[in-house]
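# Per-entry structural report
Here's the letter readout for the chains.
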Amino acid sequence: MKRRNFLKNTLSGSALAGALAFLPGGNIFGSSQKGDRSQINKYNNFEFLEWDIDRMKKSMETGELTSIKLTSAYINRIKELNHDGPSLNAVIAINPKAEDQARERDAERVAGKVKGPMHGIPVLIKDNVNCKGMATTGGSLALSNHTTDNAFIIDKLEEAGAVILGKANLSEWANFRSTRSSSGWSGVGGQCKNPYSLDRSPCGSSSGSGVSVAANLCAVAIGTETNGSIVCPSGINGIVGIKPTVGLWSREGIIPISHTQDTAGPMARTVKDAATLLAACIGKDSKDSVTAEIPDNMDILGGLDPLSLKGAKIGIARNYMGRHGETDKEIEKAIQVMKNAGAEFIDIENVLGDDVGDAEMTVLLYEFKHDLNKYLQTYNAPYKSLKELIEYNKQHESSELKWFGQEIFVMAEEKGDLNEQEYIDALTKIRTISQKNGIDKHIDEHDLDAIIMPTNAPGWTIDLLLGDHGYAGSSGVAAMSGYPNITVPAGEVKGMPIGLSFVGKAWTEKKLIGLAYAFEQLTKKRMIPQFMTSVNKPE
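Position numbers for residues start from 1 in each chain and track the written sequence from start to end. Given that this is a predicted model, residues contribute local features only at a pLDDT of at least 70 and side-chain atom pairs are listed and counted only at 80 or more, while totals for whole chains, interfaces and linings are drawn from all residues. Hydrogens are left out, water is left out, and the side-chain values use all remaining heavy atoms of the structure.

It is worth spelling out the overall build of the chain at this point. Along its length, the chain carries 16 helices and 13 strands. Taking the principal axes of the C-alpha coordinates as reference, the chain spans close to 60 × 55 × 50 Å. Side-chain charges of the chain comprise 59 positive and 66 negative groups, with the mean position of each set lying 3 Å from the other. For helices the rule is a DSSP run of H or I covering at least 4 residues; for strands it is a run of E covering at least 2, with both sets numbered from the N terminus onward. The sign given to each residue is positive for Lys and Arg and negative for Asp and Glu; His and the chain ends receive no count. Every charge is mapped onto a representative atom, which is NZ of Lys, CZ of Arg, CG of Asp or CD of Glu.

Structure (structure tokens):
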């Protein structure tokens, strides 16, 4: 999506949120799916197709499965689908230590030393998160040899017993480089493709994470979001994505855009899997002061109640509807299902009120320059400033700038420091409008449990020459407020998935997970992708 229009459009609902993208970019088909889409094609002849974490754990507990067998199977599937076959370009690198980690987890299990809820489970990591033993590139060739120790959340993952499977492709620099970038393209990983229709965008910036989960290249994945970069690729790729309250997961060791909006979060095929991964990485980190605000007992998994919709009071953000008729029809069906389950609904005509897109862009430009320079210096990157990266791109124009430029980089470099009044005023504006006069106001006035909205319209066609042209996204209000946003598969339009978002106040993940889980269990809208060449010309 064109960055010059992105913020304005995500707020008005006329463009697909998520191309801005972000950082610090079992069930086969539900009963509603047509029979002609339920046939498993040659790329879905996979032993562990749609397995969830519970099934993996139970099979490992009984000895029917080992982590090394599961990890090796995912590695082979990545090799089959990433550059060969449909050429998804979803994975930048396989962890050279992944199979060693898996064997270690198996040995620990045999010895009765299960480390935690993710023991032996293979997880893909977006390639803007530091992982020891692999480069952290942000998708840019400038950082292709940049190696560091683990980010805080990766240490938490390993403490919970996970296997770090590899690094997922992303929109380069989390889609914060050009006003006409193509979501899912990076200099390191090339153009990531949507597994439902290979000519369509996977959205971004957590493109590879979303595609990998959807296409069963991993058990679960980690993405990052500043504005839409978890929920957009999750919605468009037919999976569950959780953008947590900013601070629930530490941002230490993650290439940043904005310290007021950035967060990493889980991407999974089911709400329970996403909640399991979310719970595993929560922790207070002295290197990220916002984590000190985490409530002592979030009890994330305690929210998994299939009856959570009964008696719930939910607002409908109508300003994010009316942009794509077929998407609206699916969302109205979803609302009726929830009404039948005992939920009460109240229309909210405009959850934000004022257009704050320009103010948000101002904040992001200032914070990107400040935060990126700090990251590059703290983690001893080969280039130590945004200014140096701009020069690198000029010198490597044929590889880095061959499809689109670096206008956003240049705009950010022209900004001053965080003491500038322009920055202070813009930050005050977006926080007041999105929090006090936005989500907080509507939830408090109507005693709501959550606010819902369509996550997205179907994915648009990839256009490297002109850039993104999606629409109907809704990520802006949760992104600017720093509040949680959970998207769940809600239906399809001509075989392309759409999602439904549940948004709430800070630290209400447990409540939102309950609502999302109950909706998921009632509808079962998750679809297995069939890797069509084009949804316009189904094979």
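Back to the write-up after that little detour.
Quick look at the nonpolar core now. Take the buried Ala, Val, Leu, Ile, Met, Phe, Trp, Tyr and Cys residues and link them wherever side-chain atoms come within 4.5 Å; each set so joined is a nonpolar core. The rule is simple: take the accessible area with a 1.4 Å probe, protein chains only, and divide by the maximum for that residue type; under 20% is buried, over 50% is exposed, in between is partly exposed. Grouped together as the largest cluster of nonpolar side chains are 107 residues, with contacts concentrated most on Met-118, Ile-153, Leu-157 and Phe-502. Residues Tyr-423, Leu-427, Ile-443 and Ala-478 belong to the second largest nonpolar core, which totals 26 residues.

What follows concerns the pairing of strand β2 (residues 122-126). With respect to burial, β2 is a largely interior element, five of its five residues being buried. Going residue by residue along β2, you find Pro-122, Leu-124 and Lys-126 tucked away on one face and Val-123 and Ile-125 tucked away on the opposite face as well. Note on pairing: DSSP must find at least two bridges between two strands before they are called paired. In the sheet, β2 pairs with strand β3 (residues 163-168) via five bridges, with the strands oriented parallel. If you follow Leu-124 over to β3, its bridge partner there is Gly-166. In this fold, β2 hands off to helix α5 (residues 152-159), which returns the chain to β3; that crossover is right-handed. Relative to strand β6 (residues 220-225), β2 runs parallel, the two being bridged by three bridges. Opposite Ile-125, over in β6, you have Ile-222 as the bridge partner. By the criterion used throughout, a crossover qualifies as right-handed when its path from the first strand across the helix to the second strand runs clockwise, the strands pointing away from the viewer.

Pairing is possible between side chains of opposite charge, provided their charged atoms come close. Each reported salt bridge corresponds to a side-chain nitrogen of Lys or Arg within 4 Å of a carboxyl oxygen of Asp or Glu. Enumeration over the complete set of coordinates arrives at 21 salt bridges. A salt bridge links Lys-156 to Glu-159, with the nearest nitrogen and oxygen atoms 4.0 Å apart. In this pair, Lys-156 and Glu-159 are both assigned in helix α5, three residues apart and thus about one turn of the helix distant. For Glu-172, the salt bridge goes to Arg-177, with nearest N and O atoms at 3.0 Å. Accessibility assignment for this pair places Glu-172 and Arg-177 in one class, buried.

Okay, the environment of Gly-438 next. Summarising the element assignment, Gly-438 is placed in helix α14 (residues 421-446). Along the backbone, Gly-438 and Asp-354 are 84 residues apart, and their C-alpha atoms lie at a distance of 9.6 Å. The residues contacting Gly-438, other than those within four sequence positions of it, are Val-351, Thr-432 and Ile-433. Here, residues are in contact when the closest pair of their heavy atoms is within 4.5 Å.

The disulfide criterion is simple: two cysteine sulfur atoms within 2.5 Å. This model, assessed by the stated rule, comprises one disulfide. Cys-203 shares a disulfide with Cys-232; S-S distance 1.8 Å. Residues Cys-203 and Cys-232 are joined through a disulfide that is right-handed, its torsion about the S-S bond being 105°. Residue Cys-203 is located in the loop between β5 (190-191) and α6 (207-214), and its partner Cys-232 is located in helix α7 (residues 231-236); the two are separated by 29 residues in the primary sequence. Residue classification places Cys-203 among the buried positions, given a relative accessible area of 0%. Free cysteine Cys-218: the closest other cysteine sulfur is in Cys-192, separated by 12 Å. Exposure remark for Cys-218: the relative accessible area of 0% places this residue in the buried category.

Right, let's talk about the side chain of Arg-269 for a bit. Inspection of the secondary structure puts Arg-269 in the loop between β8 (263-268) and α8 (271-280). With a relative accessible area of 4%, Arg-269 lands in the buried category. Counted as a polar contact is a pair of N or O atoms within 3.5 Å, where, for protein atoms, one must be capable of donating a hydrogen and the other of accepting one, and residues adjacent in sequence contribute only when both atoms are in side chains. A polar side-chain atom of Arg-269 sits 3.2 Å from the main-chain carbonyl oxygen of Trp-51. A polar contact is formed between the side chain of Arg-269 and the backbone oxygen of Ala-219, at a distance of 3.4 Å. In contact with Arg-269, not counting residues within four places along its chain, are Glu-50, Trp-51, Met-56, Tyr-74, Val-213, Asn-216, Cys-218, Ala-219, Val-240, Glu-520 and Arg-526.

Turning our attention to the sheet that holds strand β9 (residues 313-317). What the eleven strands build is an open sheet, ordered β1-β3-β2-β6-β8-β7-β12-β13-β11-β9-β10; its pairing is mixed. Since the sheet does not close on itself, it has two edges, and those belong to β1 (91-94) and β10 (344-348), each with one partner. Sheet twist, expressed as the mean angle between neighbouring strand axes with direction ignored, is 30°. Examined bridge by bridge, β1 and β3 share three bridges and lie antiparallel to one another. Residue Ala-93 lies in a different strand from β3, and its bridge partner there is Lys-167. To obtain each axis, a line is fitted to C-alpha atoms, and for helices this fit is confined to the stretch in contact; angles are then taken between N-to-C directions over 0 to 180 degrees. This element, helix α9 (residues 325-340), spans β9, β10, β11 (450-454), β12 (485-493) and β13 (496-503) of the sheet and lies at about 50° to β13.

This next bit is on the UniProt feature "domain: Amidase" (unreviewed entry) in the chain. Under the feature "domain: Amidase" (unreviewed entry), the UniProt entry names residues 70-512. Helix makes up 34% of residues 70-512 and strand 15%. Its end C-alpha atoms lie 31 Å apart. UniProt positions are given in the numbering used here, feature names are shortened, and annotations may be inferred rather than shown by experiment.

This part covers helix α11 (residues 386-395). Along an α-helix, residues three or four apart share an orientation, since each turn contains 3.6 residues. Taken together, the buried positions of α11 are occupied by Leu-386, Leu-389, Ile-390, Tyr-392 and Asn-393. All buried residues of α11 fall inside an arc of 160° around its axis, so they share one side. The exposed residues of α11 that point more than 90 degrees off its buried face are Lys-387, Lys-394 and Gln-395. Considering only its buried residues, α11 is in contact with α10 (357-378), α12 (397-400) and α13 (407-413). By arc we mean the arc of the directions from the helix axis to the C-beta atoms, nothing more.

Bringing the environment of Gly-138 into the picture now. With respect to the secondary-structure elements, Gly-138 resides in the loop between β2 and α5. According to the relative accessible area criterion, Gly-138 is buried, its value standing at 1%. Taking the C-alpha atoms as reference, Gly-138 lies 5.8 Å from Glu-172; in sequence the two are 34 residues apart. Once residues within four sequence positions are removed from consideration, Gly-138 is found in contact with Asp-127, Asn-128, Leu-170, Ser-171, Glu-172, Trp-173 and Ile-255.

What follows covers the packing of α10 against α14. At a closest axis distance of 8 Å, the pairing of α10 and α14 adopts a crossing angle of 130°. Taken together, the axes of α10 and α14 lie oblique to each other. Considering the relative orientation of α10 and α14, their crossing is left-handed. Contact residues: Ala-359, Glu-360, Thr-362, Val-363, Tyr-366 and Glu-367 in α10; Glu-422, Tyr-423, Ala-426, Leu-427, Lys-429 and Ile-430 in α14. Throughout this entry, Asp, Glu, Lys and Arg are counted as charged residues, while Ala, Val, Leu, Ile, Met, Phe, Trp, Tyr, Cys and Pro are counted as nonpolar. The remaining residues, Gly among them, count as polar. By residue class, the composition of the contact of α10 with α14 is seven nonpolar, one polar and four charged. An angle below 35 degrees is treated as roughly parallel, one above 145 as roughly antiparallel, one from 65 to 115 as roughly perpendicular, and anything else as oblique. Less than a right angle of anticlockwise turn of the near helix away from the far helix marks a crossing as left-handed, whereas a clockwise turn marks it as right-handed.

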